[in-house]
Amino acid sequence: MSTAPKQLVIISGKGGTGKTSLAAAIAHLAAGEMPIVIADADVDAANLDLVLHPTRLESHPFSNGLVAEIDEEKCISCGLCEEACRFDAILVPDRTGDPYGIDEVACDGCAACVYHCPVEAITMREPQVGEWYISETPYGPLYHAHLFAGADNSGKLVTLVKQQAKLRAMDDGRPLVVVDGPPGIGCPVISAASGADLALIVVEPTLSGAHDLARVLELTDHFGVPALVAINKGDLSEQQSAAIEAFCRERGVALSVRIPYDTLVTEAMVAGQPITAYAESPAAQAIRALWATIKARLGLQGKE
Amino acid sequence: MRITVASGKGGTGKTTVAVNLALSLAAAGSPLTFLDCDVEEPNAHIFLRPQIEREETTGILIPEVDDDLCTYCGRCAEVCVFHAIAVIGKQVLVFPELCHGCGSCAYNCPEKAITEVLRPTAKLRWGKATWEGAPIAFGEGVLDVGQAMATPVIRELKRKGLPNEGEAIAILDAPPGNSCPVVETMRGSDFVLLVTEPTPFGLHDLRLAVQVARDELGLPAGVVINRDGVGDDSVERFCAEAGLPILMRIPLDRRIAEAYAQGETIVARLPEYRERFLALYRRIEEEVGR
């Protein structure tokens, strides 16, 4: 019997709340009970491989959109391209001292300049802006990527990594895909969260954390993704933890146990291991309870 | 002077450093503008508590087709690289979420049948924060939930909110990550201040942020190590190798974490930090002057 694999995505709104450390721990726990696939969807700051030590099996180039190029020989320096460009991507001789050129970092690839240029001096090309990989880890195959510094993260690379991971899970009959998501609420997060069976939202007990949680919950509601909130480092502020829990209850959002602040989590990161594999500790215990909640929510049968 | 505070990794203390630097400078008498460019999750207002005086809607200019003028020639669809407009029989379909607002369809329409209308995607909020009697001009972008594109909002926030060169110090709080929105925030800055934590994740993302700031944009950069003492010394070794100056260290301090949790600033809780943030600014000036 083959059913569609469940997708668990770990997101946070605010960055640095512990998404990746949790993703690694959950991958470790889940892999002890069932075959899984892991995806790192934080493609512009991918960190999961620092803990999972993947062996890379495949590497693929990734392109996404176009960049303009000006032919110096043909350019008559009329400046119409600069007037047309809404992305401030035309390098102007007055400012640079060089002939007209393209600021490739700023260029959106829209090709408006191509149509405004009276002498056909501008063409578009499609550069490689990243790579994606299939790797093997002790906990299952890892699908991950690297977006070159400064490239446009339109969410396409995130979608690609996620789709490949899901296809692999379907092919192998693996019941769960664990997706480590990016921070924020924009394009990459929308791509990471859409279609997920459960979004685990990791929040820290601060005013900023609470503020960002409200926005990321609006997002999961908007896209119809069920949410489960986990407060990380819960004991750092009893007051803010309680406020976040009250907010979740009022809003009817599922809450997991609080994960306590635990210096072993950073130690485990430095050692390059999931906390649950590194040491029995207060945080590891809480994460085991969290994993049990996730399993129940997703209707997964794991051996105990 | 325009300073962007960025980090690569999220949650390292960008907003903390940006806000405390701004408050220290304002209290010392410098005219100051603060722009929160983390439009997906803007948090600086929690600490600066500005009085918002004005809010405006911003967004993307999308095409609107005048059916009386349109001949369904299909030129608009042909020039749109984002496939945001399609002509099917005697119907023009516009897909607003795909449109980047470049204006090519309107420009290329032979019948001048396309006008551009604003599709709201975000709010820009303007106001003033006050700290010990000193004013700070404040601006933030707030992306509407469900909207995908942060970069145009940041561009607009900067276009409208940046003071003229020499009139005031501008501090820009960047979003996390290393892609487009971060680049857009950094562009045109005199200095990029990278806040990191001394852990493997912090280091990995710092490396990428340095690539964006120094290699892609050619901007001078320096590092603030936050939660100093928490992990290992790999960030320090990297900075030495890469010739990146470490301009400040903020130790792991429960009082700072608690203040942060309540939306309080370091300089309010621990006044001795005012001088340290002013010293940070002097170090930045030195680095820019090199």
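Residues numbered from 1 in each chain as written. Chains lettered and ligands numbered in written order. Predicted model: local features only at pLDDT ≥ 70, side-chain atom pairs only at ≥ 80, totals over all residues.

### Concerning the domain arrangement of chain A
Taken domain by domain, chain A comprises domain 1 (6–63 + 130–298) and domain 2 (67–125). Computed over C-alpha atoms, the centres of domain 1 of chain A and domain 2 of chain A are 41 Å apart. (Domains from an automatic or database assignment.)

### Here's the deal with helix H6 (residues 156–172) of chain A
Residues and elements named next belong to chain A. Over its 17 residues, H6 extends 24 Å from the first C-alpha to the last, a length consistent with the 24 Å expected when each residue adds 1.5 Å. For H6, every residue scored as buried is listed here: Lys-156, Leu-157, Val-158, Leu-160, Val-161, Lys-162, Gln-164, Ala-165, Lys-166 and Ala-169. At the exit of H6 stands Gly-173, carrying a positive phi of roughly 70°. (Helix = DSSP H or I, 4+ residues; strand = E, 2+ residues; numbered from the N terminus. Expected span 1.5 Å × (residues − 1). Buried ≥ 20, exposed ≤ 12 C-beta atoms within 10 Å, placed from the backbone.)

### Some points on the packing of helix H1 (residues 14–27) of chain B against helix H11 (residues 273–289) of chain B
Each pair of packed helices can be summarised by the angle the axes make with each other and by the distance between the axes. Residue and element names in this part refer to chain B. With their axes 9 Å apart at the nearest point, H1 and H11 run at an angle of 95° to one another. The orientation of H1 relative to H11 falls into the category roughly perpendicular. For the pair H1 and H11, the contacting residues are Asn-20, Leu-21, Ser-24, Leu-25 and Ala-27 in the first and Tyr-273, Arg-274, Phe-277, Leu-278, Leu-280 and Tyr-281 in the second. Its residues placed into classes, the contact of H1 with H11 shows eight nonpolar, two polar and one charged. (Axes fitted to C-alpha atoms, helices over the stretch in contact; angles between N-to-C directions. Parallel < 35°, antiparallel > 145°, perpendicular 65-115°, else oblique. Contact = placed C-beta atoms within 7 Å. Nonpolar A, V, L, I, M, F, W, Y, C, P; charged D, E, K, R; others polar.)

### A short note on the sheet that holds strand E9 (residues 140–147) of chain A
Residues and elements named next belong to chain A. The nine strands are arranged E3-E8-E9-E2-E10-E1-E11-E12-E13 in an open sheet whose pairing can be described as mixed. Here the strands that pair on one side only, and so sit at the sheet edges, are strand E3 (55–63) and strand E13 (254–255). Contacting strand E1 (6–11), strand E2 (36–40), E9, strand E10 (176–180) and strand E11 (198–203), helix H1 (residues 19–31) runs over the sheet at an angle of about 165° to E10. Contacts from helix H8 (residues 207–222) reach E1, E11 and strand E12 (227–231), with the element oriented near 170° to E11. (Pairing = 2+ DSSP bridges.)

### Some words on the pairing of E11(A)
Residue and element names in this part refer to chain A. With respect to burial, E11 is a largely interior element, five of its six residues being buried. As paired strands, E1 and E11 are joined by four bridges and run parallel to one another. What sits directly across from Ile-10, in E11, is Leu-200. With five bridges joining them, E11 and E12 adopt parallel strand pairing. Across the sheet, residue Ile-201 finds its bridge partner in E12, namely Val-229. Taken together, E11, H8 and E12 constitute a β-α-β crossover, and its handedness is right-handed. (Right-handed = clockwise from strand over helix to strand, strands pointing away.)

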